[in-house]
Amino acid sequence: MPIPCCAREFPDRSDESVQVQPFEENGYLARIDLNPTVPHCSLASLIGLCLRGKIQKNVVERIKLDIVIAEGKHSTEEEINKQINDKERVAAALENPNLKEMFDSCIRDEE
């Protein structure tokens, strides 16, 4: 599924991994549950950060975005959830030049 350019392109839906619903005035609440391939996936944080970055870059409307590791699917899910949903932690992570380079590469729009 391509990344939507506005929140209206998210269907109002609730399934196992994506829930989108109206939130406050003219906004949306989106929750995305990530399901890592293995319980010790070392890329889970990076995947969550990239997903957050790509959605925030492309969705032009107000959206409250919660990205979480699906319950019981990762050995450090609580730490990862804090990392990818806290603005200060996201900003601190992206101060790392190597991580920032990978992040930029992942969210770059293809020409």
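Fair warning: this is a prediction, and the values are worked out from it, not measured in the lab.

### A short note on the overall build of the protein
Next up, step 1: Looking only at helices and strands, the protein has 4 helices and 4 strands in total.
Next up, step 2: Sequence-ordered secondary structure for the protein, helices as α and strands as β, is β-β-β-α-β-α-α-α.
Next up, step 3: Of all 111 residues assigned to the protein, the portion counted as buried reaches 40%.
Next up, step 4: Counted over contacts in the protein with a minimum sequence separation of 6, partners at least 24 positions apart contribute 59%.
Next up, step 5: About 7,500 Å² of surface is accessible on the protein, with carbon and sulfur atoms providing 50% of the total.

### Considerations on the layout of surface pockets
Next up, step 1: In this structure, the largest pocket spans a volume of roughly 240 Å³.
Next up, step 2: As for the largest pocket, its lining consists of 14 residues, and the residues nearest its centre are Arg52, Gln56, Leu65, Asn85 and Lys87.
Next up, step 3: Among the secondary structure elements, those contributing two or more residues to the lining of the largest pocket are helix H1 (44-58), strand E4 (62-69), helix H2 (77-85) and helix H3 (87-93).
Next up, step 4: Here the lining of the largest pocket gets 4 residues from one element, more than from any other, and that element is H1.

### With respect to the pattern of salt bridges
Next up, step 1: Following the criterion strictly, the structure yields 4 salt bridges and no others.
Next up, step 2: Here Arg62 and Glu24 are joined by a salt bridge, their closest N and O atoms 3.3 Å apart. Here Glu24 lies in the loop between strand E2 (18-23) and strand E3 (27-34) and Arg62 lies in strand E4, a separation of 38 residues in the sequence.
Next up, step 3: Take Arg62: its relative accessible area is 47%, and that puts it in the partly exposed class.
Next up, step 4: The class for Glu24 is exposed, based on a relative accessible area of 61%.
Next up, step 5: One salt bridge connects Arg31 with Asp33, and the closest N-O pair in it is separated by 2.9 Å.
Next up, step 6: For Arg31, a relative accessible area of 36% gives the class partly exposed.
Next up, step 7: Given the relative accessible area of 17%, Asp33 is considered buried.

The rules behind these values
Residues numbered from 1 in each chain as written. Predicted model: local features only at pLDDT ≥ 70, side-chain atom pairs only at ≥ 80, totals over all residues. Heavy atoms only, no water. Helix = DSSP H or I, 4+ residues; strand = E, 2+ residues; numbered from the N terminus. Buried < 20%, exposed > 50% of the residue type's maximum accessible area, 1.4 Å probe, protein only. Contact = heavy atoms within 4.5 Å. Areas by Shrake-Rupley, 256 points an atom, 1.4 Å probe, with all protein chains shown as cover. 1 Å grid on protein atoms, 1.4 Å probe; cavity = no way out; pocket = protein on both sides within 12 Å on 5 of 7 lines; lining within 4 Å. Points joined across faces, edges and corners; volume = space filled by probe spheres on them. Salt bridge = Lys/Arg side-chain N within 4 Å of Asp/Glu carboxyl O.

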